[in-house]
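Residues per chain, in single letters:
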Amino acid sequence: MTQTDQATTIAPGASAQAIRHHYDFGDDFFGLWLGPERIYSAALFEAGDDLDAAQTRKLDHHIAAAGAAGKARVLDVGCGWGAMLRRLVDQAHVKHAVGLTLSSSQAAFVRERAGPEIEVREESWRDHRPEAPYDAIVSIGAFEHFARPGLSPEEKLGAYRAFFAFCRDSLNTGGCLSLQTIAYSASGITLPPFIAERIFRESELPLIHEPIAAADPDFELIALRNDRDHYAATLVAWERALVARRDEAVAMAGEEAVAEFVRYLRVCAMAFKLDAICLLRMSFRKRDPATSILPGNLRSR
Ligand SMILES: C[S@@+](CC[C@H](N)C(=O)[O-])C[C@H]1O[C@@H](n2cnc3c(N)ncnc32)[C@H](O)[C@@H]1O
């Protein structure tokens, strides 16, 4: 067992093993239907956008929301196959972009395409000790893995609080966090067993209010939007791409796995369309304890 395994096994979120079960399924397989950049989260569509344009728009949305352009050090928590890291460095003139992932094959993929400005670490944010504070943090589609099923409401909130505490401790004062996550649209909804057991193991979604409650009092909420229709459209585009390249997909992964992926994409698209789950894009600014009028627990830090 590696150090990362040990640290995440006891953590309240998905273990490295559970993350690898899904994300290490095959880079080429994911590339077939996610596209060459393998961006694996909801796009941000405007009229006339195809999926690629909408994915780039989404990256730029988070770069702007986090105030990351031109900054010295930016962290991407859950960097996937590295599209955001490359955008930060190539287009947003960030000097050093650090990405965290628990997937070995994602880390290797990023490393192969990275110049000296990009650093990828196969490490949980729980174990990450930055050598210097970051100017901005983005996290897209990873928060869904930060709590596991079966936690009490207090334990779940505690898991999210630990993430915001990590961001607080890793960010310069005034620095921003841009966060994107799926959430339950209302309490009482649960993940279908097929998704919870076969696709995203050890992972539970937040309720809408939980990230905001967990950010209190260290972060000021700057913006919040629910783009569930954008995730539905993204999932439909992925499913079409996978079905269009079905023969290649089956040759890579087998009939059963491809059928399971198609089912998962359809079930999720339907859940967004029916407003069972939603897609939160939210940005937060780290409060300055020296000037905040908020209670002493913030000022004393
Ligand atoms: C759905 S993918 C999103 C990837 C990327 N942000 C994107 O939009 O394409 C989720 C990512 O979160 C990462 N992840 C999950 N739990 C994590 C943790 N505790 N620490 C760091 N990364 C984590 C996974 O390894 C994976 O890279």
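The structure under discussion appears in the preceding block.
In short, a report on the structure.

Quick look at the packing of helix H4 (residues 51-65) against helix H5 (residues 83-90)
- The geometry of H4 relative to H5 is characterised by a closest axis approach of 10 Å and an angle of 65° between their N-to-C directions. Taken together, H4 and H5 sit at an angle that is classed as roughly perpendicular. In this structure, H4 crosses over H5, and the sense of that crossing is right-handed. Here Thr56, Leu59, Asp60, His62 and Ile63 of H4 come into contact with H5, specifically with Ala83, Met84, Arg87 and Leu88.
- Its residues placed into classes, the contact of H4 with H5 shows five nonpolar, two polar and two charged.

Focus on the site of the ligand
- What surrounds the ligand is a group of 21 residues, the closest being Tyr40, Ser41, Gly78, Gln106 and Ile140.
- A distance of 2.8 Å separates an oxygen atom of the ligand from a polar atom in the side chain of Thr101.
- Isolated, the ligand exposes 600 Å² of accessible area, and the fraction of that covered by the protein chains is 95%.
- Elements with a minimum of two residues in the shell around the ligand: helix H2 (16-23) and strand S2 (96-101).
- A per-class count over the shell around the ligand returns eleven nonpolar, nine polar and one charged.

Observations regarding the state of the cysteines
- Here the structure, examined in full by the defined rule, presents zero disulfides.
- Here Cys176 stays free of any disulfide, with the sulfur of Cys167 as its closest cysteine sulfur at 12 Å.
- In this model Cys268 remains outside any disulfide bridge; the closest cysteine sulfur is found in Cys278, 13 Å from its own.
- By relative accessible area, Cys268 is classed as buried at 15%.

Cut-off values and rules
Residues numbered from 1 in each chain as written. Predicted model: local features only at pLDDT ≥ 70, side-chain atom pairs only at ≥ 80, totals over all residues. Heavy atoms only, no water. Axes fitted to C-alpha atoms, helices over the stretch in contact; angles between N-to-C directions. Helix = DSSP H or I, 4+ residues; strand = E, 2+ residues; numbered from the N terminus. Parallel < 35°, antiparallel > 145°, perpendicular 65-115°, else oblique. Left-handed = near helix turned anticlockwise from the far one by under 90°. Contact = heavy atoms within 4.5 Å. Nonpolar A, V, L, I, M, F, W, Y, C, P; charged D, E, K, R; others polar. Near = heavy atom within 4 Å. Polar contact = N/O pair within 3.5 Å; in protein donor to acceptor, adjacent residues only side chain to side chain. Areas by Shrake-Rupley, 256 points an atom, 1.4 Å probe, with all protein chains shown as cover. Disulfide = S-S within 2.5 Å. Buried < 20%, exposed > 50% of the residue type's maximum accessible area, 1.4 Å probe, protein only.

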